Amino acid sequence: MSLSFSVLASGSTGNAVYVATEKQRLLIDAGLSGKKMDMLFEKAGLDPAQLDGILVTHEHSDHIKGVGIIARKYNVPIYANEKTWNAMEQGLGKIPLDQKFTFAPEQVQTFADLDVESFRVSHDAAEPMFFVFHHQGKKLALATDLGYVSDRIKGTIKDANALIFEANHDTNMLRMGRYPWSVKRRILSDVGHVSNEDAGLALAEVIGDQTSSIYLAHLSKDNNMKDLARLTVKQTLEGKGFQVGDQFHLYDTDPEKPTEIAVV
């Protein structure tokens with residue numbers, strides 16, 4: 001009766017996370033083509049035909065590109081808040097009415113033996129929200145696309161057994177990079193993305209005695225590197241007195257390769 005998960009893909013080019021219990025199998029976002037999503041499931045040793053639902057965080061293409069395709073192909077219901085439905089409906093293609101469900105922000109919905117808690121984040125989308133998964137006293141938190149990490153978010157995700165948390169960019173790489181200033185300003189803003197250093201500072205406030213693993217997610221292809229993200233977050237946390245590798249472990253995620261299925 002365990003809570004398990006795999007980050008199927010994570011990065012600026014597409015995002016998808018699989019979360020499962022004995023009785024429920026959920027996909028959170030599907031930001032890659034239907035063909036690539038099927039390949040990711042195969043690499044992870046998972047069967048998309050067994051999905052019980054798709055939860056959508058927000059309407060950006062790196063989160064919804066394959067949602068409509070997967071939903072139609074495997075007859076999977078889709079859950080999103082009303083503003084996200086309005087913003088993404090055209091992009092999904094035709095979805096049968098009996099596959100469309102609403103999941104409001106700041107709510108808890110129960111999917112068989114899994115309680116899913118939604119929470120708002122600050123990002124430039126219609127009404128972006130992410131999720132905490134609760135199962136038999138275990139807690140998995142998913143939080144990316146964060147312009148900043150509010151006290152409310154910190155309270156919601158605090159002391160999770162496992163965290164999938166954004167470390168989007170290295171600030172110097174972003175500032176010196178090829179992006180136009182308007183894009184840089186958007187990423188650095190309160191409705192953009194969290195830097196490696198800010199990820200470390202936020203994590204220092206939410207890591208608890210239960211926390212055993214942290215997955216650094218949604219890394220920018222152009223403005224970050226896995227080693228740099230991991231090193232910056234590690235150094236920031238160690239500067240706050242944490243013993244990385246002893247108290248908990250840091251893991252990478254990848255835009256094209258699923259993480260091994262982990263049990264919370």
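This one's a predicted model, so the numbers in the text were calculated from it and none came from an experiment.

(A) Layout of the overall build of the chain. Secondary structure summary: the chain contains nine helices and 14 strands in total. A globule of 264 residues ought to have a C-alpha radius of gyration of about 18 Å, and the chain, at 17 Å, matches this closely. The principal-axis extent of the C-alpha atoms belonging to the chain is close to 50 × 45 × 35 Å. Sorting the 264 residues of the chain into buried and exposed places 57% on the buried side. Long-range contacts, defined here as pairs at least 24 residues apart, represent 62% of the contacts in the chain between residues at least 6 apart.

(B) Expanded view of the environment of T259. Mapped onto the fold, T259 is located in the loop between β13 (249-252) and β14 (262-263). Judged by its relative accessible area of 11%, T259 falls in the buried class. Separated by 45 residues in the primary sequence, T259 and I214 place their C-alpha atoms 12 Å from one another. Those residues within four positions of T259 in sequence are excluded, and the remaining contacts are S6, V7, Y215, D252 and T253. Side-chain polar atoms of T259 contact the backbone nitrogen of V7, separated by 2.9 Å.

(C) Region of interest: the packing of aromatic side chains. Scanning all chains against the criterion turns up nine aromatic pairs. Measuring from centroid to centroid gives 5.1 Å for Y79 and F101, while their planes differ by 20°, and the two rings are stacked. Pair noted here: Y79 is in strand β5 (residues 78-80) and F101 is in strand β6 (residues 100-102), with a separation of 22 residues, a long-range link. Aromatic side chains F131 and F133 sit 6.2 Å apart centroid to centroid with 45° between the ring planes, which places their arrangement in the tilted category. Each member of the pair, F131 as well as F133, is classed as buried. Three or more aromatic residues link up through ring pairs in this structure, and these residues are Y79, F101, F103, F111, F131 and F133. In this structure, K100 is placed above the aromatic ring of W85, and the distance from its NZ or CZ to the ring centre is 5.4 Å.

(D) Quick peek at the pairing of strand β12 (residues 213-217). For β12, a buried count of five out of five residues is recorded, marking the element as mostly surrounded by other parts of the structure. Burial along β12 is two-sided: the residues S213, Y215 and A217 and I214 and L216 are all buried. As paired elements, strand β11 (residues 162-166) and β12 share five bridges and run parallel to each other. Residue I164 lies in a different strand from β12, and its bridge partner there is Y215. As for the winding sense of the linkage, the β-α-β connection from β12 through helix α9 (residues 226-239) to β13 is right-handed.

Each value, and the rule that gives it
Residues numbered from 1 in each chain as written. Predicted model: local features only at pLDDT ≥ 70, side-chain atom pairs only at ≥ 80, totals over all residues. Heavy atoms only, no water. Helix = DSSP H or I, 4+ residues; strand = E, 2+ residues; numbered from the N terminus. Rg over C-alpha atoms; globule rule 2.2 N^0.38 Å. Buried < 20%, exposed > 50% of the residue type's maximum accessible area, 1.4 Å probe, protein only. Contact = heavy atoms within 4.5 Å. Polar contact = N/O pair within 3.5 Å; in protein donor to acceptor, adjacent residues only side chain to side chain. Phe/Tyr/Trp six-rings, centres within 6.5 Å; stacked < 30°, edge-to-face > 60°. Lys NZ or Arg CZ within 6 Å of the ring centre and 35° of its normal. Pairing = 2+ DSSP bridges. Right-handed = clockwise from strand over helix to strand, strands pointing away.

These values are about where atoms sit, not about what they do.
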